[in-house]
Amino acid sequence: MIKFKLNGSVVETDAPSTVRLLDLLREEFELIGSKEGCGEGECGACSVLVDNLVQNSCLIPIGALEGTDVQTIEGYSKTPQYQVLNECYATAGGVQCGFCTPGMIIATEALLSKNPHPSEEEIREGISGNLCRCTGYNMIVDAIQLAAKKGDGLW
Amino acid sequence: MVTKTVASYHFDTLAETISKLNEEDCTIIAGGTDVMVLHKSRRGVAPKIAKPVVFIDHLRELKQTYLEDGDLHIGACCTYGEMLEHSLIPNIFKKAIREVAAPAIRNRGTLGGNICNASPAGDMLPLLYIFNAKLVLRSVNEDRIVEIHDFIQGPRRIARQQNELLVEIILPEVVNEARLIFEKIANRRADAISKVSFAGLLQVQAGKVADARFAFGAVGPTMVRSQETEKKLLSQVYPLKVEVLDEVVADFASIINPIDDQRSTAAYRKTVALKLLRYFLTSKELF
């Protein structure tokens, strides 16, 4: 039995320890905000926060999660920080097809929580693990710059 | 989820982990960034790992970084992210980490994992080779110290016995004035596998070369380093004479034999590797 915190509640699962967190989230907990793009840690669509650090849920065997605190886009969407990101991504046109967006939002949170006023270069490094095939990234960078301004004090 | 279950272990202490390895041949999982991809199944199905699994990345004993007698000891399960934030980690390693891995990978990938995966393109390996890294392998019987170039024997082949665990990486003292370079050539700045990588160390004292070390990644089954060629540079006047420079580059041209694969071609890899060496030995910007 593996026990960890998921979006604020303690959960237990008897799934085998090598099951990927991504599969556990989507299939056992029906949290389908985290997406599978590449399944190899290169696209970032499955990003979640583990103990407040952004990680690829496709690379995490759930056995490694014992005692950790996992937050997915579903849990994060209940925070005031999310509200700012939601608004700024919409305003800047940082969302088109939306597949990369949950992961992009999680990577943005990880960046801003460490560095509330990042430079453009730091923003690009912060989202360097997240692929977006629609926006060309510039609008996402704009969205994050806007969020850093608007959310001043939140992060 | 239909999954065949293998035994899995998640011990509270390093001692228990090592004693389990003495009893059973296990697959060791640190961050999992390589193991989970290597054994990947289709969506919704757990990776197919045949042996029992031992998780080690939660072990605090494997996350210590400290100086002892001038040598830097880095715990095998230090993640790239933890190394980036640690004041004792040399800046050249931090530069390399920022260039090779996006934040999500930095938060899972470990230094020990990168070594034990023994990829020809392993991102930290060129630097570890030029730092003459030594590895501490612990078993119930003893601590054994192995040089990194003896430990890594080929792609995914390492000199770890079944009952051993890599617990620490030791970087012997590096002279502060050494000039260092790390360059990685890949399709993308983060999370891409190298076409070529290169690390160099050069120390010049009173206008002469006092120490020179070079390691090339992704151009052979393991890192390419030649202590014989490095020795030719010792006591040479710096800036190097053209003949000396040409001889060193020619030496490496004869031992660097890359392959064509999906990421790059042999010709491209070799050309870039030699240009990186020449750049390092002549660039004024670096110094």
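As the structure is a prediction and not an experimental result, all values here were calculated from the model.

The rules behind these values
Chains are numbered independently. Their residues run from 1 in the order of the written sequence. Each chain gets a letter, beginning with A, and each ligand a number, beginning with 1, in the order they are written. Given that this is a predicted model, residues contribute local features only at a pLDDT of at least 70 and side-chain atom pairs are listed and counted only at 80 or more, while totals for whole chains, interfaces and linings are drawn from all residues. Heavy atoms throughout the structure, all of them, feed into the side-chain values; hydrogens and water do not. By definition in these notes, contact holds between two residues if any of their heavy atoms fall within 4.5 Å. Summed over both partners, the accessible area (1.4 Å probe) lost when two parts come together is defined as the buried area. By definition here, a salt bridge exists when the distance from a side-chain nitrogen of Lys or Arg to a carboxyl oxygen of Asp or Glu is within 4 Å. Polar contacts, as counted here, are pairs of nitrogen or oxygen atoms within 3.5 Å of one another; within protein the pair requires one atom able to donate a hydrogen and one able to accept it, and residues that are adjacent in sequence qualify only if both atoms are side-chain atoms. The split of the chain into domains comes from an automatic or database domain assignment. Under the scheme used here, helices are H or I runs from DSSP no shorter than 4 residues and strands are E runs no shorter than 2 residues, and both carry numbers assigned from the N terminus. Polar here means any residue outside two lists: the nonpolar Ala, Val, Leu, Ile, Met, Phe, Trp, Tyr, Cys and Pro, and the charged Asp, Glu, Lys and Arg; Gly therefore counts as polar. Two strands pair under a simple rule: DSSP has to find at least two bridges between them. Convention adopted: a line fitted to C-alpha atoms gives each axis, helices being fitted over their contacting stretch, and angles between N-to-C directions are expressed from 0 to 180 degrees. The span you would expect from a helix comes to 1.5 Å times its residue count less one. Burial classification: accessible surface area is computed with a 1.4 Å probe over protein chains only, and a residue below 20% of its type maximum counts as buried, one above 50% as exposed, and the rest as partly exposed. Arc definition: it is the arc formed by the directions from the helix axis to the C-beta atoms.

1. A short note on the interface of chain A and chain B
Part 1 of the argument: Contacts between chain A and chain B engage 33 residues on the former and 34 residues on the latter.
Part 2 of the argument: For the chain A and chain B pair, buried surface summed over both sides reaches about 2800 Å², with 57% attributable to carbon and sulfur atoms.
Part 3 of the argument: Sorting the residues of chain A by area buried against chain B places Thr18, Leu59 and Glu125 of chain A first, and these three jointly supply 20% of that buried surface.
Part 4 of the argument: There are three salt bridges connecting chain A and chain B.
Part 5 of the argument: With a shortest N-O distance of 3.3 Å, Glu36 of chain A and Arg43 of chain B are connected by a salt bridge.
Part 6 of the argument: Between chain A and chain B we count 11 residue pairs in polar contact (both at pLDDT 80 or more) in total.

2. Considering the domain arrangement of chain A
All names here are of chain A.
Part 1 of the argument: Along its sequence, chain A is organised into domain 1 (2-74) and domain 2 (80-150).
Part 2 of the argument: Interface of domain 1 and domain 2: buried area, both sides summed, is about 1100 Å²; carbon and sulfur atoms make up 73% of it.
Part 3 of the argument: When the buried area of domain 1 at its contact with domain 2 is split by residue, Lys35, Leu49 and Ile73 rank highest and sum to 39% of it.
Part 4 of the argument: In this assembly, domain 1 and domain 2 are joined by zero salt bridges.
Part 5 of the argument: For the pair domain 1 and domain 2, the interface holds three residue pairs in polar contact (both at pLDDT 80 or more).
Part 6 of the argument: If you tally residues by element for the side of domain 1 that touches domain 2, the top one is strand S3 (residues 47-50), at three residues.
Part 7 of the argument: Split by residue class, the side of domain 1 that touches domain 2 holds six nonpolar, six polar and three charged.

3. A few points about the domain arrangement of chain B
Residue and element names in this part refer to chain B.
Part 1 of the argument: Structurally, chain B comprises domain 1 (8-171) and domain 2 (179-282).
Part 2 of the argument: Between the C-alpha centres of domain 1 and domain 2 there is a distance of 25 Å.
Part 3 of the argument: Contact with domain 1, which involves 24 residues of that partner, is made by 25 residues of domain 2.
Part 4 of the argument: Across the domain 1/domain 2 interface, buried area totals approximately 2000 Å², and carbon plus sulfur atoms make up 62% of it.
Part 5 of the argument: Joining domain 1 to domain 2, the criterion identifies two salt bridges.
Part 6 of the argument: A salt bridge links Glu183 to Lys95; its shortest N-O distance comes to 4.0 Å.
Part 7 of the argument: In this structure, the connection of domain 1 to domain 2 is made through nine residue pairs in polar contact (both at pLDDT 80 or more).
Part 8 of the argument: Sorting the residues of the side of domain 1 that touches domain 2 by element identifies helix H4 (91-100), helix H7 (125-130) and strand S8 (152-154) as the ones contributing at least two each.
Part 9 of the argument: Among the residues forming the side of domain 1 that touches domain 2, the class breakdown is 16 nonpolar, five polar and three charged.

4. A word on the sheet that holds strand S4 (residues 65-68) of chain B
Residue and element names in this part refer to chain B.
Part 1 of the argument: Read from one edge of the open sheet, five strands run S4-S5-S10-S6-S7, paired in antiparallel fashion. In the strand order of this sheet, the two ends are held by S4 and strand S7 (143-147), each with one partner. Here the strands of the sheet are splayed against their neighbours by 25° on average, with no regard to which way each runs.
Part 2 of the argument: The pairing of strand S5 (residues 71-75) with strand S10 (residues 165-171) spans four bridges and is classified as antiparallel. Of the residues in S10, the one forming a bridge with Leu72 is Leu171.
Part 3 of the argument: Along the sheet, helix H1 (residues 14-23) makes contact with strand S6 (134-138) and S10, crossing S10 at roughly 120°.

5. What to know about helix H3 (residues 80-92) of chain A
Residues and elements named next belong to chain A.
Part 1 of the argument: An ideal rise of 1.5 Å per residue puts 18 Å on 13 residues; H3 measures up with 19 Å between its terminal C-alpha atoms.
Part 2 of the argument: All buried positions along H3 are accounted for by Gln81, Tyr82, Val84, Leu85, Cys88, Tyr89 and Ala92. Considered in projection along H3, the buried side chains sweep an arc of 155° and stay on one side of the axis. Exposed residues on H3 whose side chains face more than 90 degrees from its buried face are Ala90 and Thr91.
Part 3 of the argument: Taken together, the buried residues of H3 touch helix H2 (73-76), helix H4 (101-114) and helix H6 (138-150).
Part 4 of the argument: Once H3 ends, the next one or two residues include Gly93, with phi positive near 75°.

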